Structure formats: C-alpha cells, structure tokens
Amino acid sequence: MLRRILAPLVALLLATGVLAVLLPAAANAAACATAWSTSAVYTGGAVVSHNGHNWSARWWTQNEAPGSADVWADQGSCTGGSGGGGTACSYPNWVAGQWYGVGSIVRYTDGNHYIAVHENPGYDPVISHWYWDPHTCSGGPTDPPDPSGFVVTQAQFNQMFPSRNSFYTYSGLVAAMSAYPAFARTGSDTIRKQEAAAFLANANHETGGLVHIVEQNTANYPHYCDPNQPYGCPAGQAAYYGRGPIQLSWNFNYKAAGDALGLPLLTNPWLVQQDAAVAWKTALWYWMTQNGPGTMTAHNAMVNSRGFGETIRSINGSLECGGRNPAQVQSRVNAYQRFTQILGVSPGGNLTC
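Model, not experiment: these values are computed from the prediction.

Novice: Hey, could you go over the overall build of the protein for me, with residue numbers and the actual values?
Specialist: For the protein, the helix and strand inventory stands at 11 helices and 10 strands. When the 353 residues of the protein are sorted by exposure, 48% land in the buried category. For the protein, restricting intrachain contacts to residue pairs at least 6 apart in sequence, the fraction spanning at least 24 positions comes to 52%. Approximately 16200 Å² of the protein is accessible, and the part contributed by carbon and sulfur atoms is 54%.

Written out as structure tokens, the structure is:
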C-alpha cells in the first residue's frame, strides 16, 4: 500500500523539479580531486580540481590552467572544495622523520596528497621525487611509477630503439642503475626525464641506435693502450677498444671504471661486451663521474639545467664542439629531441656545444 502511495508522489516531484532540489548536490557531482598547481607536472590521465570542476589531462602539461588550455578535459562540477582533495581524502598529515612504507598516502603542508612509491624515513614529498608521487583522492597517483622506478618505461625504450641489438636489454639498464641511484632520479620530473633522454640519445649516437656493441673500426684497437700507465695493458695492447652504450675505451678508463664498479675490467675488458648490465654500468660510470673533455659530468649538466649541449662536450667535446663536427652534434640533438618527445617533456635550451 505504501509503495502505491509513494510512486505517484515521486513521479509528481520529478515532474515539478522539487525532488532535484530536495536531493543533496553531492549525488550529482563527484568529490573534488587534488587542486591544480602551477608548478606541478601532470601527465595524461591526471585528474585535478580547479574552479569547482574536476579536470583530466589529455597529455603532459605544466603551468597551463584548466579551463584555459586544450590539454584539460572538463569532467564536470565537483563538491568538497579543492586544495586537499575535498571530502574524498582523510589521510594523515606528512611528518618529517616518520617512517613511511610503500603505498602510504599523506597530506602535505601545501594541502596536496602524495603516495610513497619507495619506503623512506619521512623525506619531503615535494623534494624527494624518487620516493613520492602526487596522489589524487579520486583514484591513485597522477603518474603511476614504472615498477623499475625508471622514468622511461620498457615500451618507451622499445619505441626509442626499434632496431636495437638484443644485447642491449631494458632489464640490463634497470639493473645497472642500482650502481648509480641518482641517475634520472634527481630533481623534478622534468629534469629526470630530460636526463634519461640525454643519456639514451648519446648512447644512440655512439652505437648507431643501440645496434653496435663494439667499435666498428678495428684499425683503432691497438691505439687505446697507454703504456705510460703503471699497470700497463695486461689484457693486450689491442684489448681496450670501444665497447658498450658509451663505447668505453682506453686502458685507464677500463681500470678506473673497474675499480669504481668492483669489476676486473683491466684484466677482462671483454666483460663489457658479454654482460648487458656491465655494459650499461660502464656507460653510467662515465655519465655520472667523468668530466671528459668538458668541465662537468653529463649528469651535473642535466640536473643543473646546463643543457644537452654540455653532455656532448663531456663525452666528445674535443672532436665535436666549437664547430668541429656539426653533423655529429646535430645527430645527437635530433635523437635527444625525439626521445624527449616520446617522454612528453620539453628538451630545454642550450642543445648544442
């Protein structure tokens, strides 16, 4: 009997619009996501709130306000305010020095939320990007991390090197990164991606697209033994030719890299062409620790925003910079611009040397 009475009443209320007034607004609007920030970097799929609406990013963006740029798609009005995720978020405030396990979500002092992607003893979420990712209250990280922790996914790596030699494995690169944890994990998301692109672009040039494992000009092989070194060339005068992603060469470089990595590269330089992780480690050793003919390491050039051109100077500046070989320089720049495009990040300035 009650259902017979209520049914006509509901129909009447719907027809007159009274029911819509009686129902709470939250039934028709989603909770507000984390507020949009002018300084944050957002990638495709990220959801933010701005001016009472939720917005979804179509592609990479920074400092483009929702509602004023095509990159943002309007997801409709939201309730609960913005700046802290609204009513959907009830996570504790971040505390410096407190231990956080993987998956911990905190509310930072700026009102935004962050999720721990690596356990840490309370590192600052807006500084320690390796340990924290931005988090929306409506569905997880704005930029879900690759399981490897590397800013380049395996799919992007394959896209960069469609014809690569099977020796140069993605897993080998990821394994090698444990030797230099600061590589592509220092600074903002933009800087990390720029550094990864710069490293891979130089490796691309040195190896013909990660095709060649060893130096192709065998006539050069005997020239890479410096007999003035006290340890000499125990593997043979012609044993220290270019190998790996950065084409490590010379007995003194094999000695220094081997000492740094705990590997017998002076006596067994062939390890670099036999083990993908070793090959990548030698390239990262040079990238992270050697100035070469430049004035800084390639790593420092990128994290200090000195530009891709400075990485060329550190790797082969004596032969390519200052107008000596512009075609070679442009080859490196072209690869770098292509790789930054794949990663959805600006290449920055100072591209040549």
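Novice: So, the packing of helix α6 (residues 251-261) against helix α8 (residues 276-289): which residues are in play, and what are the values?
Specialist: Direction vectors running N to C along α6 and α8 enclose 100 degrees, while the axes themselves pass 10 Å from each other. In terms of orientation, α6 and α8 fall into the roughly perpendicular class. The segment α6 lies against α8, with N253, A256, A257, A260 and L261 engaging K281, T282 and W285. In terms of residue class, the contact of α6 with α8 is built from 5 nonpolar, 2 polar and 1 charged.

Novice: Mind laying out the pattern of salt bridges, listing which residues take part and the relevant values?
Specialist: Evaluation of the coordinates by the stated rule reveals 6 salt bridges. Note that K193 and D189 form a salt bridge whose closest N and O atoms lie 3.3 Å from each other. You can see K193 and its partner D189 sitting in helix α5 (residues 189-207), 4 residues apart, about one turn around the helix. D189 carries the same exposure label as K193, and that label is buried. A salt bridge links R332 to E206, with the nearest nitrogen and oxygen atoms 2.7 Å apart. With R332 in helix α11 (residues 326-343) and E206 in helix α5, this pair connects stretches of sequence that are 126 residues apart.

Novice: Tell me what's going on with the state of the cysteines, and back it up with residues and numbers.
Specialist: Simply put, disulfide is the name for a covalent bond between the sulfur atoms of two cysteines. The tally for this structure, following the rule as stated, stands at 2 disulfides. Paired by a disulfide, C225 and C233 hold their sulfur atoms 1.9 Å apart. Here C225 and C233 share a disulfide; its torsion about the S-S bond, 110 degrees, makes the bridge right-handed. Of the two residues, C225 and C233, both sit in the buried class.

Novice: Mind laying out the pairing of strand β8 (residues 113-116), listing which residues take part and the relevant values?
Specialist: A two-sided burial pattern is seen for β8, the buried positions comprising H113 and I115 on one face and Y114 and A116 on the other. Hairpin geometry of strand β7 (residues 105-107) and β8 is characterised by an intervening segment of 5 residues between the two adjacent antiparallel strands and by a positive phi of about 90 degrees at G111.

Novice: Before we move on, could you go through the side chain of R243 and cite the residues and values that matter?
Specialist: In this fold, R243 is placed in the loop between α5 and α6. The buried charged residue R243 lacks any salt bridge, with E215 as its nearest oppositely charged partner at 8.5 Å. Only 2.9 Å separates the side chain of R243 from the side chain of Y241, close enough to count as a polar contact. At 2.5 Å, the side chain of R243 and the side chain of Q273 are in polar contact.

Novice: Describe the nonpolar core, listing the residues and the values that go with them.
Specialist: Counting 65 residues, the largest nonpolar core has F150, F199 and L200 as the members making the most contacts within it. Only α3 (154-160), α4 (170-176), α5, α6, α8, α9 (298-303), α10 (308-320) and α11 provide two or more residues apiece to this core. Beyond its immediate stretch of four places on either side in the chain, L200 contacts V152, F157, M160, F161, L173, W280 and F339.

Novice: Which residues make up the packing of aromatic side chains, and what are the values?
Specialist: Aromatic rings in a pair are described by how distant their centres are and how their planes are angled relative to each other. According to the stated counting rule, one finds 19 aromatic pairs in the structure shown. Ring geometry for F167 against Y168: centres 5.2 Å apart, planes inclined by 80 degrees, an arrangement best described as edge-to-face. Judged by relative accessible area, which is 13%, F167 ranks as buried. Relative to W280, the ring of F199 lies with its centre 6.1 Å away and its plane at 45 degrees, an arrangement referred to as tilted. Residue F199 is found in helix α5, and its partner W280 is found in helix α8; the two are separated by 81 residues along the sequence. Owing to a relative accessible area of 0%, F199 belongs among the buried residues under this scheme. On the accessibility criterion, W280 (0% relative accessible area) is buried. Taken together, the aromatic side chains of F150, F157, F161, F167, Y168, Y170, F183, F199, W280, W287 and F339 make up a single cluster linked through ring pairs. When the ring centre of Y241 is taken as origin, the NZ or CZ atom of R243, which lies over that ring, is 3.7 Å away.

Cut-offs and rules
Residues numbered from 1 in each chain as written. Predicted model: local features only at pLDDT ≥ 70, side-chain atom pairs only at ≥ 80, totals over all residues. Heavy atoms only, no water. Helix = DSSP H or I, 4+ residues; strand = E, 2+ residues; numbered from the N terminus. Buried < 20%, exposed > 50% of the residue type's maximum accessible area, 1.4 Å probe, protein only. Contact = heavy atoms within 4.5 Å. Areas by Shrake-Rupley, 256 points an atom, 1.4 Å probe, with all protein chains shown as cover. Axes fitted to C-alpha atoms, helices over the stretch in contact; angles between N-to-C directions. Parallel < 35°, antiparallel > 145°, perpendicular 65-115°, else oblique. Nonpolar A, V, L, I, M, F, W, Y, C, P; charged D, E, K, R; others polar. Salt bridge = Lys/Arg side-chain N within 4 Å of Asp/Glu carboxyl O. Disulfide = S-S within 2.5 Å. Pairing = 2+ DSSP bridges. Lys, Arg positive; Asp, Glu negative; His and termini not counted. Polar contact = N/O pair within 3.5 Å; in protein donor to acceptor, adjacent residues only side chain to side chain. Core = buried A, V, L, I, M, F, W, Y, C linked by side-chain atoms within 4.5 Å. Phe/Tyr/Trp six-rings, centres within 6.5 Å; stacked < 30°, edge-to-face > 60°. Lys NZ or Arg CZ within 6 Å of the ring centre and 35° of its normal.

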